[in-house]
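Summary of structural features
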Amino acid sequence: MDRFSNCFTFYHSITYDCQGYNDCESGGQCFQDNTTCPSLSICVCSDCYYGTKCQFSISSFILSLDYILGYRIKPNVSFVQQPLLVKMSVVFTPLMFIVGLINALLSMATFCVENARDVGCGVKFNKSASKKIAKWITLLILFLTLITYLHIPLHRHLIDDIDTDEQRSWCLTRCSSSMNIFNSFITLTHFFIPFSIHLLSIVFIIVLVAHSRFTLQPRLTFRQHLELHLIASCALVFSALPRLII
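Thresholds, definitions, all that
Residues numbered from 1 in each chain as written. Predicted model: local features only at pLDDT ≥ 70, side-chain atom pairs only at ≥ 80, totals over all residues. Heavy atoms only, no water. Helix = DSSP H or I, 4+ residues; strand = E, 2+ residues; numbered from the N terminus. Buried < 20%, exposed > 50% of the residue type's maximum accessible area, 1.4 Å probe, protein only. Contact = heavy atoms within 4.5 Å. Disulfide = S-S within 2.5 Å. UniProt positions renumbered as here; feature names shortened; annotations may be inferred. Axes fitted to C-alpha atoms, helices over the stretch in contact; angles between N-to-C directions. Parallel < 35°, antiparallel > 145°, perpendicular 65-115°, else oblique. Left-handed = near helix turned anticlockwise from the far one by under 90°. Nonpolar A, V, L, I, M, F, W, Y, C, P; charged D, E, K, R; others polar. Patch = residues over 30% accessible without salt bridge, like charges linked within 9 Å, V, L, I, M, F, W, Y side chains within 5 Å. Areas by Shrake-Rupley, 256 points an atom, 1.4 Å probe, with all protein chains shown as cover. Salt bridge = Lys/Arg side-chain N within 4 Å of Asp/Glu carboxyl O.

As recorded by an unreviewed UniProt entry, the protein carries the name EGF-like domain-containing protein and is attributed to Rotaria magnacalcarata.

Moving on, we get to the overall build of the protein. In terms of regular secondary structure, the protein is built from 7 helices and 6 strands. The proportion of buried residues among the 246 residues of the protein is 15%. Counting contacts in the protein only where the partners sit at least 6 residues apart, residues at least 24 apart contribute 33% of the total.

Our next topic: the state of the cysteines. Taken as a whole and judged by the stated rule, the model has 2 disulfides. A sulfur-sulfur separation of 2.0 Å characterises the disulfide bridge that pairs Cys24 with Cys43. Here the disulfide of Cys24 and Cys43 is left-handed, its torsion about the S-S bond being about -90°. Here the residue Cys24 occupies a position in the segment before strand E1 (29-32), and Cys43 occupies one in strand E2 (residues 41-44), the gap between them amounting to 19 residues. Here Cys24 falls in the buried class, since its relative accessible area comes to 11%.

Within this numbering scheme, the UniProt entry marks residues 91-113, 133-152 and 191-214 as carrying the feature "transmembrane region" (unreviewed entry). End C-alpha to end C-alpha, residues 133-152 measures 30 Å, and it is 95% helix and 0% strand. Taken end to end, residues 191-214 has its terminal C-alpha atoms 35 Å apart, with 100% of it in helix and 0% in strand.

To continue, consider the packing of helix H3 (residues 127-149) against helix H5 (residues 177-216). H5 packs onto H3 with a crossing angle of 155° between their chain directions and a minimal axis gap of 11 Å. The orientation of H3 relative to H5 falls into the category roughly antiparallel. The element H3 and its partner H5 pack so that their crossing is left-handed. Touching Thr145, Thr148 and Tyr149 of H3 are Phe182, Ile186 and His190, all from H5. Grouping the constituent residues of the contact of H3 with H5 by class yields 3 nonpolar, 3 polar and no charged.

On the surface, Leu84, Met88, Val91, Phe92, Leu95, Met96 and Val99 cluster together into a nonpolar patch covering about 700 Å² of accessible area. Structurally, Val91 is set in helix H2 (residues 84-112).

In this structure, Cys48 is a non-glycine residue whose phi angle is positive, near 75°. By relative accessible area, Cys48 is classed as partly exposed at 40%. Even without glycine at this site, Cys54 takes up a positive phi of about 60°. When you line up the elements, Cys54 lands in the loop between strand E3 (49-50) and strand E4 (56-57).

Spelled out as structure tokens, the structure:
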């Protein structure tokens, strides 16, 4: 049976600090059932925090399976007896990694073919300059990504989570408030910058192709060519919605 809280009677008018030792995370308050000989302690978490040590949060941008699964994973229990959500996570996470790895390898194999690299766009396309720019951009993105996430392993700590009938150890990131703001900013940056680049690139390509088609086929206006390409792009977006939902 799942339990997510422990209850005991204590006086609200008295502030307990667990005899000067507060192991609650994220500013949580520590309360004990007795001031002289305590047998049970509990953390009262701030808003948007939960867990026996207030180690989990639902605020800001959380992208970890620890926060999603949390206490669903049962310690000292075989995989067969784990909840369905845990089993699905164990199956789908490696599957998504394998599919992404295969996709990346096939993309690399495609561009390793010399004929595939001969294709350019426009009469002013410079193959040599394009290859150099692509290499520098790839190295720059890799460097910036590593730099922005370099501080996370340095702030990792083990937190013992001991309950009455279960015992766990979590490897979580403990940062200051300013560092949490920085993490939120980095998360937004890593999502919105690629999205903005893709969106602007798609719009630019559609306009460029519509202008080229209008030059070759003047029987249709530029607006008609643009509408045709927009309809085709929207059809591709709608066809990709099931994958996005999954």
